[in-house]
Amino acid sequence: MTLREYADELGITIEELLKKCEKLGINAKNEDDFLDDDAIVMLDMEMESNEPAEENLLSEELEDKYDFEDRAEELIEEKHIKDEKTSSKVKLKKQNNKNNQEEYLKEKKKIYKNKEKLISNDNTEENVVLYTEGMSVKELASAMNVPDNNLVAKMFQMGLMLNINSAISFEDAEVVVLEFGKELKRSETKDITNFEEYEIIDDEKDLKERAPIVTIMGHVDHGKTSLLDYIRHTHVVSGEAGGITQAIGAYQVEINGKLITFIDTPGHAAFTEMRARGAKVTDIVVIIVAADDGIMPQTREAIDHAKSAGVPIIVAINKIDKGIGNIDKIMSEMSELGLTPEEWGGDTIFVKLSAHTGEGVSLLLENIVALAEMQNLRANPNRYAVGTVIEAKLDKAKGAVATLLIDNGTLRLGDPIVVGTAYGKVRTLTNSNSVELIEALPATPVEVTGLSSVPVAGDKFMAFESEKEAKAVAEKRKENEKKKKFIKKAISLDDLFNRVSEGFKEINIVLKTDVKGSEEAVKNALEKINVDGVKVSIVRSGVGAISESDIVLASASNAIVIGFNVVPSKEVKETAKNYNVEIRLYNIIYKVVEEIEAAMKGMLDPEYEEVVTGEAEIRQIFKFSKVGNIAGVHVTNGTIKVGSLARLIRDGVVIVETKVATLQREKNEAKEVKSGFDCGLTLENYMDIKQGDIVETYEMKEVKK
């Protein structure tokens, strides 16, 4: 290990390390000099006895590219930190800025020590030490409750040349632990790489009340934006309406001393997926309907998204100031959709309002607060933050900028975070009113900078203890993402019955045919299929060979690819295999309909799989008056056999389905010709062949289910 590597590992400067080396008599003069094991042990012991080094590491971790203490001092001077808002906030006093910053850092360290445990089987047996994969000597000493230098010295006596930062294997650790009269056991740990699936159970005493997260949905032009604007300009937390930044995509307002977080999702049908993401991170959904327009297709769509999220719904009937429309009719139609008003004996809150005049808006906000209190929404501010990306962009001046909504925990300036597959340190932390913060509590929307790349809206994020850990997790997530790209499973024909049984209402299909007439005929026939209320939806249809883009679309849409008188190329087949997309090939319309219907009813006949046995390219054509056209071919793949089922393919389109009639090799008749050889070939009852055509032979094998 070089001096530079050792200094980086401990988070100290080269100058500080050289002074330590000089003090200990270690011969080292520049950052490229190599440290042997003895020197590292001596330095480890020296560093362990030096308490200020730990504090220096923490402060340097927060500085990166700017002086954190100076920035904290500026923020205190600007009075942007409102300590009295919540007792869980760090108390930064103005009396002595230096002392305040030290107090903040101590508070940060104390909170981080309460970080969630990754060990799922904490063993409280006396004299039992739990080993986690990749454990360092320092971590082992801590688990054994033994001073680091004592453990290192004992290992030296045992012939183990390790320093406190070295990883120790389970086998070595087991022997060392026995020397101290203890027993070592493996600990089962959860893989935090997929933190979306990592559930942390918070201690009940750590849970505090948090603001509800609300999404407003509805048909375009029904007043969603007007309502958000009215709320934004009359109930902002800071009261500085003129300084509000709407681009953040989420913001907080205050009503009667209570905070409410709003997610600003688009209302247009083109942003259906964005709206669905909003519903997933929300506690309450407000469905807005214009009194003068009534329920529209996008209204129904918004209701479906809200219902699928399983969250309470409030219906806001807007534009009552116009004095037109039939409110009773709207309430009746909403009842038919499963949202019955409380005044009609149902459990859905209906509020009549005007986003233009403000009438009824306060009542809506009060109902949101009341509904939130009934839900008892709580979170733990004393842990690492986790949450969701609302929006993200690349800014020329700031780099990657992301709007994050904190689901749980507290996000602090300088925290290392992983966002999707990006990572970095929180360099700036800004709320929806463009106010710079040092920390943000649960249910707070913030804009952050400092990420390595731009994440995707809907990505999850998590804060970590160190930048090194965050980087490692992000790299592993990148690898997993690459693998996921090729293991996403689309639906197969055998899956159809299960999908129908599970309540799927549409079966997606990507259709490619040889000619336009076939496209319309097959498409119309498929769309008429209706089994138990389940219909076929044609995601894409077109004329020509099946392409790689068809496969990618099928994967994204969970669809089956159907080819009618067309075949995929070798490359397309490989892509389909990688994406687990099923391709079904037909040349008779009623067979397509018959198989899809049978699959949806769970009555498929025994399945036969087509196995390609050979492929040959026509390079010359020989014409004989008595015999007809003979193809001079080069066998490019497999083996061509006399009597094999065959198809003639031209530009990816099947010209004819037939059989191999004869084969001739060097003026002699042959029963088969293998790959790499040339031969003469005729097709049964077909002579219209052209140079460049492909002859593909195959056989049908029954597949056991």
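1. A word on the environment of threonine 636
So, step 1. Counting through the fold element by element, threonine 636 comes out in strand β25 (residues 628-641).
So, step 2. Sequence separation between threonine 636 and glycine 614 is 22 residues; the distance between their C-alpha atoms is 7.8 Å.
So, step 3. Filtering out sequence-adjacent residues up to four positions away, threonine 636 remains in contact with Glu615, Ala616, Glu617 and Ser675.

2. Brief notes about empty space enclosed by the protein
So, step 1. Counted by the stated rule, this structure contains two cavities of 30 Å³ or more.
So, step 2. In this model, the largest cavity occupies a volume close to 40 Å³.
So, step 3. Around the largest cavity, the lining residues are Ile618, Asn629, Ala631, Leu681, Thr682, Leu683, Tyr686, Ile689 and Val695.
So, step 4. At the level of elements, β25 and β30 (678-683) are the ones that each hand at least two residues to the lining of the largest cavity.
So, step 5. A per-element tally of the lining of the largest cavity places β30 first, with three residues.

3. Quick notes on the sheet that holds strand β11 (residues 386-395)
So, step 1. If you trace the six strands once around the closed barrel, you get β11-β12-β17-β15-β14-β18, paired in antiparallel fashion. The mean angle between the axes of side-by-side strands here comes to 45 degrees, regardless of whether they run parallel or antiparallel.
So, step 2. Taken together, the four bridges between strand β14 (residues 416-419) and strand β15 (residues 422-430) define a ladder with antiparallel strand orientation. Bridge assignment links valine 419 to a residue of β15, and that residue is alanine 422.

4. Some details on the sheet that holds strand β20 (residues 530-531)
So, step 1. Pairing in this open sheet of five strands is mixed, and the strands run β20-β21-β19-β22-β23 from one edge to the other. Of all strands in the sheet, those with a lone pairing partner are β20 and β23 (583-586), marking the two edges.
So, step 2. Pairing geometry for strand β22 (residues 560-564) and β23, over four bridges, is parallel. If you follow phenylalanine 564 over to β23, its bridge partner there is tyrosine 586.

5. Structural notes on helix α17 (residues 516-527)
So, step 1. Under the 1.5 Å per step criterion, the end-to-end length of α17 is 16 Å for twelve residues, consistent within 8% with the ideal 16 Å.
So, step 2. Those residues of α17 not exposed but buried are Ser518, Glu519, Val522 and Leu526. Angular distribution of buried residues about the axis of α17 spans 100 degrees; they occupy a single face of the element. Residues of α17 that are exposed and angled more than 90 degrees away from the buried face: Lys516 and Gly517.
So, step 3. Against the buried residues of α17 lie β19 (506-513), β21 (534-543), β22 and α20 (589-600).

6. Thoughts on unusual backbone geometry
So, step 1. Unlike most non-glycine residues, asparagine 145 shows phi in positive territory, near 60 degrees.
So, step 2. Take asparagine 145: it is sitting in the loop between α7 (137-144) and α8 (148-157).
So, step 3. Phi at serine 434 is positive, roughly 65 degrees, even though this residue is not glycine.
So, step 4. Residue placement: serine 434 occurs in the loop between β15 and β16 (439-440).
So, step 5. Classification of serine 434 as partly exposed rests on a relative accessible area of 40%.

7. Let's talk about the packing of aromatic side chains
So, step 1. Applying the stated criterion across every chain, the model contains two aromatic pairs.
So, step 2. Consider the rings of tyrosine 131 and phenylalanine 170, whose centres lie 5.4 Å apart with planes at 75 degrees: the pair is edge-to-face. Pair noted here: tyrosine 131 is in strand β1 (residues 128-131) and phenylalanine 170 is in helix α9 (residues 170-179), with a separation of 39 residues, a long-range link.
So, step 3. Judged by relative accessible area, tyrosine 131 falls into the buried class, the value being 3%.
So, step 4. Each ring, one from tyrosine 251 and one from phenylalanine 262, has its centre 5.7 Å from the other, and the planes form 25 degrees; the classification is stacked. Placement of tyrosine 251 in strand β5 (residues 250-255) and of phenylalanine 262 in strand β6 (residues 258-263) is noted, with a sequence separation of eleven residues between them.

8. Digging into the nonpolar core
So, step 1. Among the nonpolar cores identified, the biggest contains 27 residues, and Leu227, Ile260, Phe262, Ile314 and Ile368 are the most heavily contacted of them.
So, step 2. Where this core is concerned, the elements lending two or more residues are β4 (213-218), α10 (224-234), β5, β6, β7 (284-290), β8 (313-318), β9 (349-352) and α14 (361-375).
So, step 3. With seven residues, α14 is the single largest residue contributor to this core.
So, step 4. Excluding residues that lie within four positions of it along the chain, isoleucine 260 makes contacts with Ala211, Pro212, Val214, Tyr251, Gln252, Val253, Ile255, Leu365, Ile368 and Val369.
So, step 5. The next biggest cluster of nonpolar side chains, apart from the first, holds 21 residues, and it includes Leu429, Leu437, Leu451 and Ala463.

9. Quick word on the pairing of β22
So, step 1. When you tally the buried positions in β22, you get five out of five residues, the bulk of the element.
So, step 2. Along β22, one buried face is formed by Ile560, Ile562 and Phe564 and the opposite face, lined by Val561 and Gly563, is buried too.
So, step 3. Across five bridges, the pairing between β19 and β22 is parallel. Pairing of lysine 512 across the sheet is with glycine 563, part of β22.
So, step 4. Between the parallel pair β22 and β23, the chain is carried across by helix α19 (residues 570-578), and the sense of this crossover is right-handed.

10. A look at the packing of α10 against α14
So, step 1. At a minimum axis separation of 11 Å, α10 and α14 run at an interaxial angle of 80 degrees. Judged on the interaxial angle alone, α14 and α10 are roughly perpendicular. Counted together, Leu227, Tyr230 and Ile231 of α10 and Val361, Leu364 and Leu365 of α14 form the full contact between these two elements.
So, step 2. When its residues are assigned to classes, the contact of α10 with α14 shows six nonpolar, no polar and no charged.

Rules and cut-offs
- Residue positions within a chain follow its written sequence, with the count starting from 1.
- Where local features are concerned, this predicted model is filtered to residues with pLDDT of at least 70; where side-chain atom pairs are given and counted, the filter is 80 or more; whole-chain, interface and lining totals use all residues.
- For the side-chain quantities, the full set of heavy atoms in the structure was used; hydrogens and water were omitted.
- Put simply, DSSP marks the helices as runs of H or I at least four residues long and the strands as runs of E at least two long, and each gets a number from the N terminus on.
- Should any heavy atoms of two residues lie within 4.5 Å, those residues are counted as being in contact.
- Here a cavity is any set of points on a 1 Å grid over the protein atoms alone where a 1.4 Å probe fits but cannot get out, and a pocket is any open set with protein on both sides within 12 Å along at least 5 of 7 lines; a residue lines the site when it has an atom within 4 Å of a point.
- Grid points are joined across faces, edges and corners, and a volume is the space filled by probe spheres set on the points.
- The rule for pairing is simple: two strands pair if DSSP sees at least two bridges between them.
- Helix axes are fitted only over the stretch in contact, all axes being lines through C-alpha atoms; the angle between N-to-C directions runs from 0 to 180 degrees.
- Here, expected helix span is obtained from the residue count minus one, scaled by 1.5 Å.
- Per-residue accessibility, obtained with a 1.4 Å probe over protein chains only, is compared with the maximum for each type, and a residue is labelled buried under 20%, exposed over 50%, and partly exposed between these values.
- Directions drawn from the helix axis to the C-beta atoms are what define this arc.
- Pairs were defined over the aromatic rings of Phe, Tyr and Trp, the Trp ring being its six-membered one, requiring ring centres within 6.5 Å. Orientation was assigned from the angle between planes: stacked under 30 degrees, edge-to-face over 60, tilted for the rest.
- For our purposes a nonpolar core is just a set of buried Ala, Val, Leu, Ile, Met, Phe, Trp, Tyr and Cys residues, chained together by side-chain atoms within 4.5 Å.
- By definition, the crossover connecting two strands over a helix is right-handed if that path, from the first strand to the second, turns clockwise as seen with the strands pointing away from the viewer.
- An angle counts as roughly parallel when it lies under 35 degrees, as roughly antiparallel when it exceeds 145, as roughly perpendicular when it falls between 65 and 115, and as oblique in every other case.
- In this count, Pro and Cys sit with the nonpolar residues alongside Ala, Val, Leu, Ile, Met, Phe, Trp and Tyr, while Asp, Glu, Lys and Arg are called charged and the others, Gly among them, polar.

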